[in-house]
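So the chains spell out like this:
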Amino acid sequence: MKGYELFSESVKSLHLLPMFGNPGTTELASLRGIDDYILTPYDGLAVAMADGLTQISGIPRIVNLHTSLGLGNSMGYIFTAKANRTPVVITAGQQDLRHIFFEPILSGDLIGMVGSNAKFSYEIKSADEIPEVMRRAKHEALTPPTGPVFLSIPMNVMDDVSSAGIPDEVRVDYSYYSEDAVEKVAKEFNDSKNPAVVMGWEVDLFNAFEEAEAFARKTGCPIYGESLPQRSPYRSESPYYAGDLLPATTLINLKLVGNDFILFVGGDITLYPYLPSPLLQGKKVAFVGLNIRPKIGDFYQMNVKEFLKRITPKVERKGNYHRQESYQRVSKAAREMQSIGTTYVMSRVKKIFSDYVIVDESVSASTVLRETVGYNPGKYFSAKSGQLGWASPAAAGMSMYNNKVLAIVGDGSFMYSVQILWTVKRYSLPVKFLILRNNGYGILKSYSTSYYPGMENKDYLSFTFEIEKIAESFGIESRVAGKDLQEMTWLREGENPKLLVVDVDRSIPKLFL
């Protein structure tokens, strides 16, 4: 077979399709045997779509970028896939190596460009390598800590002839744990006077919600969510859920001031902005997970579902925490009806879209979204990197697997990746978009009021986009909501893509100390 035939057969054998991308001349050589291809009008959107579909399905997908230029356009999205620990296989065409000495147009050091953002990078040297390199790429992507991998594919290699065979599927076992480590953590927990437990995104990754609830019920401890999780860390409706940690050392210290042992399960510590307080000083800290990289404390690498199953019978009861019902959010939502505040908007989302997957890039409204709509298994996704422009294409990718996906995105964020509407329309993807329009970068204005007073009034932090008209230009049904938000019912109806703009309260929220 020729190189391009080996490439297409390897992609199929490894179950990496559909392929997402925006090809150029350097990619056409490798694509002759690929039909299941999702076109995005901008390179980076392909990475985000593959990221979203990979996360929600648990099956790695493949991306096709246009050599150095497409790779450059996609770097922010690749960085997010790395932060999300998403095992996507990213490829890009390389110029014909037979004249690479002359540095022809579109050539470049692709391996150097992707750098540390891919956990494994390789430029294919011959057609004979294609099957084994493709298999290794998927294996590397799936091996903890999981993440994106990158392959550079020279044009001339695709016409080389080889007798190499088609690769076998990759299998990676995530079920491992250490009985000794479980015993050690259990002893530390039992020896402590007042432990605290922080659940993270791997609870969702390994569907360990029942095990996490059983652990909380046995110990009587409050269960916190990790700061800024990219997936649901725990069921928000659980009586043991005590809310998320906030991403600042001082606030984490204050929340856990009375605890002597802090156990993180499947999550890590995310910080922003800088505060001078030393983090959890004088406390015993332990982390358990497969894909995390703790900076402090002890780390035990194992599957959190298996860990929770085995530690629960070994731990002692340490408290009687039970969250008290609060009606403050209900009353706040009622007070915000006239101004269309974010608590009011999110309370309507919770009621109307309770069975939907929420992809969150509401940014200045994210805290309210997480507190009001809450977490459920497989129902919350966000960009761990903090990238703007990720949620819309990621939600489009997810909608290829689940027909109930709602992207909640700020107006500024939405404009980073508005071209995704073309792909959504082209492939009739059932994704719904809820755009929160406050005519500015609310997160930057909030940061300014706390750290650089006066900058919140800079004209470059405000703008006006008629997003409903932009959506219509792509053929997407769109409306602007009234104050009663009745249009949310319209947004939910049917499986065709729709977009709803909500003109929210433009008051600057207090998000930072």
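Residues numbered from 1 in each chain as written. Predicted model: local features only at pLDDT ≥ 70, side-chain atom pairs only at ≥ 80, totals over all residues. Heavy atoms only, no water.

S.K.: Give me the lowdown on the sheet that holds strand 16 (residues 432–437), citing residues and values where you can.
M.R.: Strands sit in the order 14-13-15-16-18-17 across an open sheet of six strands; the sheet is parallel. Strands with a single pairing partner mark the edges of an open sheet, and in this sheet they are strand 14 (380–382) and strand 17 (477–480). The average angle at which neighbouring strand axes cross in this sheet is 20°, direction not considered. In the sheet, strand 17 pairs with strand 18 (residues 498–503) via four bridges, with the strands oriented parallel. In the strand pairing of strand 18, Ser478 is matched with Leu499. (Pairing = 2+ DSSP bridges. Helix = DSSP H or I, 4+ residues; strand = E, 2+ residues; numbered from the N terminus. Axes fitted to C-alpha atoms, helices over the stretch in contact; angles between N-to-C directions.)

S.K.: Give me the packing of aromatic side chains: which residues, what numbers.
M.R.: In the structure shown here, the tally under the stated rule is 18 aromatic pairs. Both rings, one in Tyr375 and one in Tyr380, keep their centres 5.3 Å apart while their planes meet at 80°; by these two values the pair is edge-to-face. Here Tyr375 and Tyr380 have matching classes, each one buried. Residues Tyr441 and Phe463 carry aromatic rings whose centres are separated by 4.8 Å and whose planes lie at 75° to one another, so their mutual orientation is edge-to-face. Of this pair, Tyr441 sits in the loop between strand 16 and helix 19 (442–451) while Phe463 sits in the loop between helix 19 and helix 20 (467–473), and the two are 22 residues apart along the sequence. Taken together, the ring pairs connect Tyr272, Tyr447, Tyr451, Tyr452 and Phe512 into an aromatic cluster. If you follow Arg32 out to its NZ or CZ, it ends over the ring of Tyr4, 4.0 Å from the centre. (Phe/Tyr/Trp six-rings, centres within 6.5 Å; stacked < 30°, edge-to-face > 60°. Buried < 20%, exposed > 50% of the residue type's maximum accessible area, 1.4 Å probe, protein only. Lys NZ or Arg CZ within 6 Å of the ring centre and 35° of its normal.)

S.K.: If you had to explain the side chain of Arg85 to someone new, which residues and values would you point to?
M.R.: As for its placement among the helices and strands, Arg85 is situated in the loop between helix 5 (75–84) and strand 4 (89–94). We note that Arg85 is buried and unpaired, the nearest opposite charge coming from Asp268 at a distance of 6.6 Å. In this structure, Arg85 is in contact with Pro145, Thr146, Gly147, Trp201, Asn291 and Arg293, ignoring residues within four places of it in sequence. (Lys, Arg positive; Asp, Glu negative; His and termini not counted. Salt bridge = Lys/Arg side-chain N within 4 Å of Asp/Glu carboxyl O. Contact = heavy atoms within 4.5 Å.)

S.K.: How would you sum up the sheet that holds strand 11 (residues 284–289)? Please name residues and give values.
M.R.: Pairing is parallel in the open sheet, where six strands are placed in the order 9-8-7-10-11-12. Strands with a single pairing partner mark the edges of an open sheet, and in this sheet they are strand 9 (241–244) and strand 12 (298–301). Pairwise comparison of adjacent strand axes, ignoring direction, gives a mean angle of 20° for this sheet. Against the sheet, helix 8 (residues 179–191) touches strand 7 (195–199), strand 10 (261–265), strand 11 and strand 12, its axis set at about 140° to strand 12. Helix-sheet contacts for helix 12 (residues 304–311) involve strand 7, strand 10 and strand 11, and the interaxial angle to strand 10 is about 135°.

S.K.: Can you explain a nonpolar patch on the surface? Please cite residues and give values.
M.R.: Judged by side-chain polarity, Tyr452, Met455 and Tyr460 come together as a nonpolar surface patch covering roughly 320 Å² of accessible area. Examined against the element boundaries, Tyr452 turns out to sit in the loop between helix 19 and helix 20. (Patch = residues over 30% accessible without salt bridge, like charges linked within 9 Å, V, L, I, M, F, W, Y side chains within 5 Å. Areas by Shrake-Rupley, 256 points an atom, 1.4 Å probe, with all protein chains shown as cover.)

S.K.: How would you summarise unusual backbone geometry if you had to cite specific residues and measurements?
M.R.: In this structure, Pro18 follows Leu17 across a cis peptide bond, with omega equal to 5°. Assignment of secondary structure puts Pro18 in the loop between helix 1 (3–13) and strand 1 (19–21). Cis rather than trans, the peptide bond between Tyr272 and Pro273 has omega equal to 0°. Examined against the element boundaries, Pro273 turns out to sit in the loop between strand 10 and strand 11. One non-glycine residue, Ile340, adopts positive backbone phi at about 55°. Along the polypeptide, Ile340 turns up in the loop between helix 13 (328–335) and helix 14 (342–352).

S.K.: Please set out the pattern of salt bridges residue by residue, giving values where relevant.
M.R.: Taken as a whole and assessed by the stated rule, the structure comprises 24 salt bridges. Between Asp244 and Arg370 there is a salt bridge, and its shortest N-O distance comes to 3.8 Å. With Asp244 in strand 9 and Arg370 in helix 15 (residues 366–372), the pair connects residues that are 126 residues apart, well separated along the chain. With its nearest N and O atoms 3.7 Å apart, the salt bridge here joins Lys295 to Asp268. Here Lys295, found in the loop between strand 11 and strand 12, pairs with Asp268, found in the loop between strand 10 and strand 11; they are 27 residues apart in sequence, far enough to count as distant. Residue classification places Asp268 among the buried residues on the basis of a relative accessible area of 12%. Several salt bridges converge on common partners, so that one network encompasses Glu179, Glu183 and Lys314.

S.K.: Which residues make up the packing of helix 13 against helix 14, and what values go with them?
M.R.: Packing of helix 13 against helix 14 leaves a shortest axis separation of 7 Å and a crossing angle of 110°. Classified by the interaxial angle, the pair formed by helix 13 and helix 14 is roughly perpendicular. The chirality of how helix 13 crosses helix 14 is left-handed. Residue-level contacts link Arg329, Lys332 and Ala333 of helix 13 to Thr343, Tyr344 and Ser347 of helix 14. When the residues that make up the contact of helix 13 with helix 14 are grouped by side-chain class, the tally is two nonpolar, two polar and two charged. (Parallel < 35°, antiparallel > 145°, perpendicular 65-115°, else oblique. Left-handed = near helix turned anticlockwise from the far one by under 90°. Nonpolar A, V, L, I, M, F, W, Y, C, P; charged D, E, K, R; others polar.)

S.K.: Before we move on, can you summarise the nonpolar core with the specific residues and values?
M.R.: Judged by nonpolar contacts, the single largest core of 59 residues is most densely connected at Met199, Phe307, Val349, Leu434 and Val502. Every residue in contact with Leu434, bar those within four places of it in the chain, is listed here: Val345, Val349, Leu406, Ala407, Ile408, Val409, Met488, Leu491, Leu500 and Val502. Leu53, Leu65, Ala81 and Met398 belong to the second largest nonpolar core, which has 51 residues in total. (Core = buried A, V, L, I, M, F, W, Y, C linked by side-chain atoms within 4.5 Å.)

S.K.: Could you give me a rundown of the pairing of strand 7, with the residues and numbers involved?
M.R.: Counting buried residues in strand 7 gives five out of five residues, a clear majority hidden from the surface. Alternating residues of strand 7 divide into Pro195, Val197 and Met199 and Ala196 and Val198, and every residue in both groups is buried. Looking at chain direction, strand 7 and strand 10 are connected through five bridges and run parallel. Across the sheet, the residue bridging to Val197 is Leu263, located in strand 10. Sheet analysis places strand 7 next to strand 8 (residues 223–225), joined by three bridges and oriented parallel. Paired with Val198 across the strands is Tyr224, a residue of strand 8.

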